[in-house]
Amino acid sequence: MSFFGFGQSADIDIVLNDAETRKKAEHKSEDGRKDKYFLFYDGETVSGKVNVTLKYPGKRLEHNGIKIEFVGQIELYYDRGNHHEFVSLVKDLARPGELTQSQTFDFEFTHVEKPYESYTGQNVKLRYFLRATVSRRLNDISKELDIVVHTLSTYPELNSSIKMEVGIEDCLHIEFEYNKSKYHLKDVIVGKIYFLLVRIKIRHMEIDIIKRETTGTGPNVYHENDTIAKYEIMDGAPVRGESIPIRLFLAGYEMTPTMRDINKKFSVRYYLNLVLIDEEERRYFKQQEITLWRKGDIVRKSMSHQAAIASQRFEGSSHPEKRAHTSPLCSECMCRDSAKTSA
């Protein structure tokens, strides 16, 4: 009898072959809690064992087959229930029949393609997992094991520096430079800010790192901005001709590589936001997109040494490779004032 819970049942356990030696990585769940998961990279083989343990020894367990799947899927929180699978591999472990005792099944998914990085955001989740299933006529028995995937990149062939002039006509004119436009996740942002014209009383200036998550397509597009870091550049009034250095270490912040149009479902981009606040609490800002990428673990020198090298290279470059045109500085208060004038 399988009715009312009196029949045989089983527990399933998934064990990776290299579980004792494989590296683990922290990953944030939907509720914000951080857990450690086995870490994999694109092209790596995923192999292990599925242990099916009968709960009641001596009783047989009838089944319609035993299988294991490797799944990569994207879930949009506003469309829960619809899981968009971009990887779906299946291995049959046993044909329909019965189990009279606990049993172990080996499995191997060879050189599995894992094209995207694991990601948990405000409106979307991209996950990889193994799922073992004992199929039954009334209720299946299944178990999932999540893993984390990191995507590695090589040094960009072109990594231009950024130089941009921004300002408000006859009031403020500044020029900012960043030593490059693409940074790895443990990198150091080195730059400078020059004050060419100052006719408003600035009391505070900072650089923010902003993560912008875009999900959906067409009319169902959602944007979520999250301020990852705030870095105070100056506290006080600058004068004309003053130059302020910038040195921002990225290693201390939780960020992912830049993700563009992932499976046509979502994107994650990062921006440096230069913010100036005057004595009347008016805010002026200018955003510049940067590209973040992940590099493999290597023997690293100290972060201070990295910053010194980056600074020397930046100081020695009198002609930045990339120069953007002069553009106006955005102002929240200016937008409000212009709206009142037009009204």
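It should be noted that the structure appears before, not after, this text.
Because the structure is a prediction, the values reported are computed rather than measured.

Draft legend 1. Spatial organisation of the sheet that holds strand S4 (residues 46-54). One open sheet holds the three strands; their spatial order is S1-S4-S9, and the pairing between them is antiparallel. The outermost strands of the open sheet, each flanked by one partner alone, are strand S1 (10-16) and strand S9 (103-109). Averaged over all adjacent pairs, the angle separating strand axes in this sheet is 20°, with direction ignored. Across seven bridges, S1 lies against S4 in antiparallel orientation. What sits directly across from Ile 14, in S4, is Val 50.

Draft legend 2. Region of the structure containing the packing of aromatic side chains. All told, the structure shown has eight aromatic pairs when counted by the stated rule. Measuring from centroid to centroid gives 5.5 Å for Phe 86 and Tyr 128, while their planes differ by 90°, and the two rings are edge-to-face. Here Phe 86 is found in strand S7 (residues 83-94), whereas its partner Tyr 128 is found in strand S11 (residues 124-134), with 42 residues between them in sequence. The two residues Phe 86 and Tyr 128 agree in class, both being buried. An angle of 55° between the planes, with centres 6.0 Å apart, marks the rings of Phe 107 and Phe 109 as tilted. An identical accessibility class is assigned to Phe 107 and Phe 109; each is buried. Within the aromatic cluster, the residues linked to one another by ring pairs are Phe 70, Phe 86, Phe 107, Phe 109, Tyr 116 and Tyr 128. Stacked on the ring of Tyr 56, the Lys or Arg Lys 59 has its end atom at 5.3 Å from the ring centre.

Draft legend 3. Representation of the pairing of strand S18 (residues 222-235). Across twelve bridges, the pairing between strand S17 (residues 202-215) and S18 is antiparallel. Considered in S18, the bridge of Arg 212 is made with Asn 225. Here S17 hands over to S18 after six residues, with Gly 216 in that stretch at a positive phi of 85°.

Draft legend 4. The arrangement of unusual backbone geometry in detail. The backbone of Asp 261 sits at a positive phi, close to 50°, despite the residue not being glycine. In this model, Asn 263 sits at a positive phi of 50°, which is unusual for a non-glycine residue. In this fold, Asn 263 is placed in the loop between strand S20 (259-262) and strand S21 (266-278).

Draft legend 5. Just the layout of surface pockets, in detail. Of the pockets and cavities examined, the largest pocket occupies roughly 1100 Å³. Lining the largest pocket we find 40 residues, and of these Glu 26, His 150, Glu 254, Met 255 and Arg 294 sit closest to its centre. Put simply, the parts of the chain that give the lining of the largest pocket at least two residues each are strand S2 (24-28), strand S3 (34-41), strand S10 (119-120), strand S12 (141-150) and S18. Of all the elements, S2 adds the most residues to the lining of the largest pocket, at five residues. Here the residues of the lining of the largest pocket are counted per class, giving 14 nonpolar, eleven polar and 15 charged.

Scoring rules and cut-offs
Counting restarts for each chain: residues are numbered from 1 in the order of the written sequence. Given that the model is predicted, a residue must reach a pLDDT of at least 70 before its local features are reported, and side-chain atom pairs must reach 80 or more before they are shown or counted; all residues, however, enter totals for whole chains, interfaces and linings. Side-chain numbers come from the whole structure's heavy atoms, not from hydrogens or water. Two strands form a pair only when DSSP identifies at least two bridges running between them. Secondary structure counts use DSSP, requiring at least four H or I residues in a row for a helix and at least two E residues in a row for a strand, with both numbered from the N terminus. Structural elements are reduced to axes, namely lines fitted to C-alpha atoms, with helices fitted over the stretch in contact, and the angle between N-to-C directions of any two is expressed from 0 to 180 degrees. Two rings from Phe, Tyr or Trp (for Trp, the six-membered ring) form a pair when their centres sit within 6.5 Å of each other. Planes less than 30 degrees apart are called stacked, planes more than 60 degrees apart edge-to-face, and all others tilted. Only protein chains enter the area calculation, which uses a 1.4 Å probe; residues under 20% of their type maximum are buried, those over 50% are exposed, and those in between are partly exposed. Lysine NZ or arginine CZ positioned within 6 Å of the ring centre and within 35 degrees of the ring normal marks a charge as sitting over the ring. Lining residues are defined by having an atom within 4 Å of a point belonging to a cavity or pocket. Those points lie on a 1 Å grid over the protein atoms alone, cavities being sets where a 1.4 Å probe fits but cannot get out and pockets being open sets with protein on both sides within 12 Å along at least five of seven lines. Grid points are joined across faces, edges and corners, and a volume is the space filled by probe spheres set on the points. Only Asp, Glu, Lys and Arg are considered charged in this grouping, and only Ala, Val, Leu, Ile, Met, Phe, Trp, Tyr, Cys and Pro are considered nonpolar; every other residue, Gly among them, is considered polar.

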